[in-house]
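# Summary of structural features
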Amino acid sequence: MKPFYKYLIIALILGIVAWIVYFVLSRNAEQPQEVIPIDATTTEQIGVPTDTGDNTTTTEQIDVPTDTGDPESGESVKTSFSKIEKISDVPVRFFWYYRENNRIFYVTENGEIKKVIDGKSETLQLNSLENVSVVRPNRGGSSVLLKFTNNSNTIWGIFSSMDEKITPLSSSIIDAVWGFNNKDVVASWNQGGKTSIVSLSSIKNFSDVSIILPEISLFDVDLIGQSDDELLFVEKFGNEYATSIWQYNIKTKLFSTIRKGLLDFSLNPTASAYFFTSKADGFVIANSLLERIMPTIQKTLPEKCSSVLTTAFCFVPQTEISLFNWYTNSSFSNDSLYIYNLDAEAEDQINLTGIAKNPIDAKDIIPTMSSLYFINKYDNFIYALN
Amino acid sequence: MKNKKQYAGQLNTILFFVLFFGVFSLTRAANPELIVTWRAANFYPISYTGKAIPSYGTKIYFVVEGIQDGKLLDLSRANIEWRKNGERIRGGDGQKEAMVVFNKNDETSFVSVAVTANGTTVIKNVSVPVIEPQLILEVPYLNMTVAKNADVAITATPYFFNAQTINDFSFSWIVNGIKKGTGSNNKLILNTGSPNTDSDSIVNISGYAQNKRSLLEIKKTQTRLFISK
């Protein structure tokens, strides 16, 4: 063999090995994140002490944040109910459950915030909020992201269930969700006409902004904190429009398309399970990787489901209803209630005969250790199954 | 001599595989993917959390991003060309966004974008659903059936009109052939009658919504309400 070939082969092998090493290292390299202090012109009053979130929440799995309910009490989730109670005194737009005080808060159709104490609703001493369009409590409900209108401008704020005050956030925020640590806010951030994905640290009252993903524009997508390191960008449900899901890994800085061509797709990520539906897959109970974790016989909409610990509850329409018709209130459903044991992969119906006298078309399901809360779309009141 | 030849043959095989996978890897690296997302700037109620679907005349805003080997591409210097139904509408370096309006004269509703960077051009086509504006009559009663002696509230909710706010609409109603007023109130309250009186067991309801900013945008929706004895 000629020496020329030997050298060529050795050089090529070394080159390939070097390329593989570089490729692997470059994908795993963690680079320091840029920190931008907000300047005075973009910062609004941040006057409320930082809500440190709910310390009782822990993370038990890598891929899904597990809502542990009340881990110290050793209680199990209530799975049989004997009565239904009307919780709100007026129709509501949104509500949440503040676990530490075992309290329900809700936003009325007029933009008032009320809380329920001993079965009675009390209006908080806050100005009514105009056009509340988004309410996103963190796990445990101690802090709540709100999107509303103030002097004709759409802004975001954080409501503290403990202090019962609202702290406005920067007007640069386009969309905001709770980070996987349940304390920081991950936001779509517009400054100078450029949109980035940023993290707002709770330690400094959400005034320090760290760029997670610079200069990215995606229209009509929902942001979801999939794990400590991963964000999902989920295209909104579009009637007859095929949607996609993208994932960004904060550590490896890799951006990828993980699903596309999804028709009639809707996703509801909850504490212990992700619920989704699509034309191809039907109704699926999945993990955060969107992998089916148990078989389901009943067909329902993800928005009618939620989970606590290893138990999921789904209201199931007795006759099939399309997502678009349900979203637009074009038709209303008559729901049964099903319970799913995520560990045992078991699906069972909960008998509501004799409990619910009026039909239920449930949305915004919140299971707690002792009750199952929901809004009935027929009258938009909050109800609890106890 | 024979061993030497055999050795050379093995080395040639190794060389072949090394070159093959090297070229394969390089080819794979040069395969950017375009992500095109859009939003329609038309009217829908604040409670609707889905994607707004454009109707004719709706301004639709598009944006393109590129990814290659998991990395977001910097398109600020890339030549980007936008086409509506094949006709060029915008182009230039770093033109990541475009606005498109489809009219009734358009036979199709395609938008394509071509991005050229480092001598490579990638094209992405998007088929945009364009629908008629919708008027939903919200009747929150199971099977549209209501008991007698009840006040029934029916709400007319417009979707995907080329309007800004609910104040841009004028609503009117026809109940069993009788006109029931016109105005900005999108709620109709009906009393289903005393249980002791004979009254219609089926009520035919027509709701109308007209966009005051564009008077040709008018939509009628009909429904039937059943009164149980």
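The subject of this paragraph is the overall build of chain B. The helix and strand tally for chain B stands at one helix and 16 strands. Relative to its 229 residues, chain B shows a buried fraction of 28%.

Across its full length, chain A holds two helices and 29 strands. By residue count, 40% of the 386 residues in chain A fall in the buried class.

What follows concerns the sheet that holds strand β7 (residues 110-117) of chain B. Residue and element names in this part refer to chain B. Read across the open sheet, the four strands follow the order β5-β4-β7-β8; overall the sheet is antiparallel. Looking at the sheet topology across the chains shown, the edges are occupied by β5 (87-93) and β8 (120-127). Sheet twist, expressed as the mean angle between neighbouring strand axes with direction ignored, is 15 degrees. Inspection of the sheet shows strand β4 (residues 79-84) paired to β7 by six bridges, in the antiparallel sense. Across the sheet, Glu 81 pairs through a bridge with Ala 114, a residue of β7.

Turning our attention to the pairing of strand β13 (residues 178-183) of chain B. Residues and elements named next belong to chain B. Here β13 lies mainly on the outside; zero of its six residues are buried. Across four bridges, the pairing between strand β12 (residues 169-175) and β13 is antiparallel. Note that in β13 the partner of Ile 174 across the bridge is Lys 179.

Turning next to the domain arrangement of chain B. All names here are of chain B. Domain parsing of chain B yields domain 1 (31-127) and domain 2 (134-228). For domain 1 and domain 2, the distance between their C-alpha centres works out to 38 Å. Contacts between the two partners involve nine residues from domain 1, matched on the other side by eight residues from domain 2. Per-class residue counts for the side of domain 1 that touches domain 2 are five nonpolar, four polar and no charged.

All names here are of chain A. Read across the open sheet, the four strands follow the order β2-β29-β28-β27; overall the sheet is antiparallel. Edge positions in the sheet fall to β2 (84-86) and β27 (362-367), since each of these pairs with one other strand and no more. Neighbour-to-neighbour, the strand axes of this sheet turn through a mean angle of 25 degrees, independent of strand direction. Both strand β28 (residues 372-376) and strand β29 (residues 381-385) contribute to a ladder of five bridges, which runs antiparallel. Bridging from a neighbouring strand, Tyr 373 pairs with Ala 384 of β29.

Contacts between the two partners involve 33 residues from chain B, matched on the other side by 35 residues from chain A. Elements that contribute at least two residues to the side of chain B that touches chain A include exactly α1 (2-29), β1 (33-40), β2 (59-68), β3 (71-72) and β9 (134-138) of chain B. The element contributing the most residues to the side of chain B that touches chain A is α1(B), with eight residues. Of the residues that constitute the side of chain B that touches chain A, the class distribution is 20 nonpolar, five polar and eight charged.

A few words now on the pairing of strand β15 (residues 221-225) of chain A. Residues and elements named next belong to chain A. For β15 and strand β16 (residues 230-235), the ladder comprises five bridges, and the chain directions are antiparallel. In the strand pairing of β16, Gly 225 is matched with Leu 231. Counting the residues in the hairpin turn of β15 and β16 gives four residues.

Attention now moves to the nonpolar core. All names here are of chain A. Core analysis: the biggest nonpolar cluster contains 129 residues, and Phe 95, Leu 146, Tyr 373 and Ile 382 have the highest contact counts within it. Sorting elements by how many residues they give to this core places strand β3 (residues 92-98) first, with six residues. Excluding anything up to four places from it in sequence, Tyr 373 contacts Ile 87, Tyr 97, Ile 104, Ile 366, Ile 382 and Ala 384.

On average, chain B scores 88 in pLDDT, and the residues at 70 or more come to 84%. Predicted as a complex, the structure gets a pTM of 0.83 and an ipTM equal to 0.85.

Turning our eyes to something else, we now look at the environment of A:Arg136. Residues and elements named next belong to chain A. Topologically, Arg 136 is positioned in strand β7 (residues 130-137). Between the C-alpha atom of Arg 136 and that of Ser 160, which follows or precedes it by 24 residues, the distance is 12 Å. Apart from the residues within four sequence positions on either side, Arg 136 is in contact with Val 144, Leu 145, Val 177 and Trp 178.

Time to look at the environment of A:Thr270. Residues and elements named next belong to chain A. Within the fold, Thr 270 resides in the loop between β19 (266-269) and β20 (274-278). With 61 residues separating them along the chain, Thr 270 and Ser 331 place their C-alpha atoms 25 Å apart. Ignoring sequence-local partners within four residues, the contact set of Thr 270 consists of Phe 275, Ser 306 and Ser 307.

Okay, the environment of B:Glu87 next. All names here are of chain B. Within the secondary structure, Glu 87 is located in strand β5. By the C-beta count within 10 Å, which is 7 here, Glu 87 ends up exposed. The spacing of Glu 87 and Phe 161 is 74 residues in sequence and 26 Å in space, taken between C-alpha atoms.

At A:Ser152, a residue that is not glycine, the phi angle is positive and equals roughly 70 degrees. Note on placement: A:Ser152 falls in the loop between β8 (143-150) and β9 (153-160). Although it is not a glycine, B:Asn143 adopts a positive phi angle of roughly 55 degrees. With respect to the element layout, B:Asn143 can be found in the loop between β9 and β10 (145-147).

What follows is about the confidence of the model for chain A. Taken as a whole, chain A shows an average pLDDT of 85; of its residues, 82% reach a score of 70 or greater. Confidence drops under a pLDDT of 50 for residues 25-72 of chain A, and excluding neighbours within four residues, the segment shows 100 contacts in the predicted structure.

About the cut-offs
- Residues numbered from 1 in each chain as written.
- Chains lettered and ligands numbered in written order.
- Predicted model: local features only at pLDDT ≥ 70, side-chain atom pairs only at ≥ 80, totals over all residues.
- Helix = DSSP H or I, 4+ residues; strand = E, 2+ residues; numbered from the N terminus.
- Buried ≥ 20, exposed ≤ 12 C-beta atoms within 10 Å, placed from the backbone.
- Pairing = 2+ DSSP bridges.
- Axes fitted to C-alpha atoms, helices over the stretch in contact; angles between N-to-C directions.
- Domains from an automatic or database assignment.
- Contact = placed C-beta atoms within 7 Å.
- Nonpolar A, V, L, I, M, F, W, Y, C, P; charged D, E, K, R; others polar.
- Core = buried A, V, L, I, M, F, W, Y, C linked by C-beta atoms within 7 Å.
- pLDDT = per-residue confidence, 0-100.

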